[in-house]
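A closer look at the structure
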Amino acid sequence: MDFNKIKEMGLEYAEKGKNAALDLAEKGRTQALIVNEQGKLLKAQRQLGALVYSLAKGKEENQPLVDKYIEMIDNIEQEIARLKASLTPAEAAEAEYVVHEEVPADQPEAPAAEAAPEEHKACPQCGAPVSDDALFCNKCGAQL
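First, a word on what this report is: a plain description of the structure on this page. It should be emphasised that the depicted structure is a prediction, and the values quoted were computed from it without experimental measurement.

1. Observations concerning the packing of helix α1 (residues 3–57) against helix α2 (residues 63–85)
Contact geometry for α1 and α2: axes closest at 9 Å, N-to-C directions at 160 degrees. In terms of their interaxial angle, α1 and α2 are classed as roughly antiparallel. The chirality of how α1 crosses α2 is left-handed. Its residues assigned to classes, the contact of α1 with α2 comprises 17 nonpolar, four polar and five charged.

Given below as C-alpha cells:
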C-alpha cells in the first residue's frame, strides 16, 4: 500500500466519523426538544385540570378558555409526534420518557386549586391576578 492510499482511507474514515458525530448530536438535540415539549405538555395539562376544577368548584363556565388549553395541548402533542417521527423507532422509544413531578410517598398529592398560595402577576389584557406559571388569564382568556 502506498502512502496516498492510506491517506485517502484515513480521510474517508475521518469523514464517516464526523458524519456519525453530527448525526448523533442532531438526534440528541431532537430528544432534548422532545423532553422539553413533554414538560410543556405536563404543565398545560396540569393547568387545564386546575382550571376545570376551579370552574366546577365555583359552578362557573369558561368554555373558550378551556378550548384554548385543549388547542394548546393538541399543538404540543403534534409537535412531539413530529419530533418523534424524525427519529428511528428505537430512538423514539427512548424518547418516551415523560417528565413527572415527584410527590413524597408519605404525602398525598393535593389538588392544584388547594396548593400553597402562589405569587401572582396581573393579566396585561384585563388586569386580573394570574399565577406566575399560568399560560392564559382565567378571567378574559388572554394568552400570557
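Here the narrative resumes.
2. Things to note about the pattern of salt bridges
In total, this model carries seven salt bridges according to the counting rule given. The closest approach of N and O atoms between R29 and E26, which form a salt bridge, is 3.0 Å. Here R29 pairs with E26, and both are found in helix α1, just three residues apart, close to one helical turn. Classification of E26 as partly exposed rests on a relative accessible area of 40%. Ionic pairing is found between K40 and E37, a salt bridge with its closest N-O pair at 3.1 Å. Of this pair, K40 and E37 both sit in helix α1, three residues apart, which is roughly one turn of that helix. On the basis of relative accessible area, K40 is assigned to the partly exposed category, the value being 40%. Judged by its relative accessible area of 12%, E37 is buried.

3. Brief notes about the packing of aromatic side chains
Enumeration over the complete set of coordinates arrives at one aromatic pair. An angle of 70 degrees between the planes, with centres 4.9 Å apart, marks the rings of Y69 and F136 as edge-to-face. Of this pair, Y69 sits in helix α2 while F136 sits in the segment after β2 (129–131), placing them 67 residues apart in sequence. With a relative accessible area of 5%, F136 lands in the buried category.

Criteria and thresholds
Residues numbered from 1 in each chain as written. Predicted model: local features only at pLDDT ≥ 70, side-chain atom pairs only at ≥ 80, totals over all residues. Heavy atoms only, no water. Axes fitted to C-alpha atoms, helices over the stretch in contact; angles between N-to-C directions. Helix = DSSP H or I, 4+ residues; strand = E, 2+ residues; numbered from the N terminus. Parallel < 35°, antiparallel > 145°, perpendicular 65-115°, else oblique. Left-handed = near helix turned anticlockwise from the far one by under 90°. Nonpolar A, V, L, I, M, F, W, Y, C, P; charged D, E, K, R; others polar. Salt bridge = Lys/Arg side-chain N within 4 Å of Asp/Glu carboxyl O. Buried < 20%, exposed > 50% of the residue type's maximum accessible area, 1.4 Å probe, protein only. Phe/Tyr/Trp six-rings, centres within 6.5 Å; stacked < 30°, edge-to-face > 60°.

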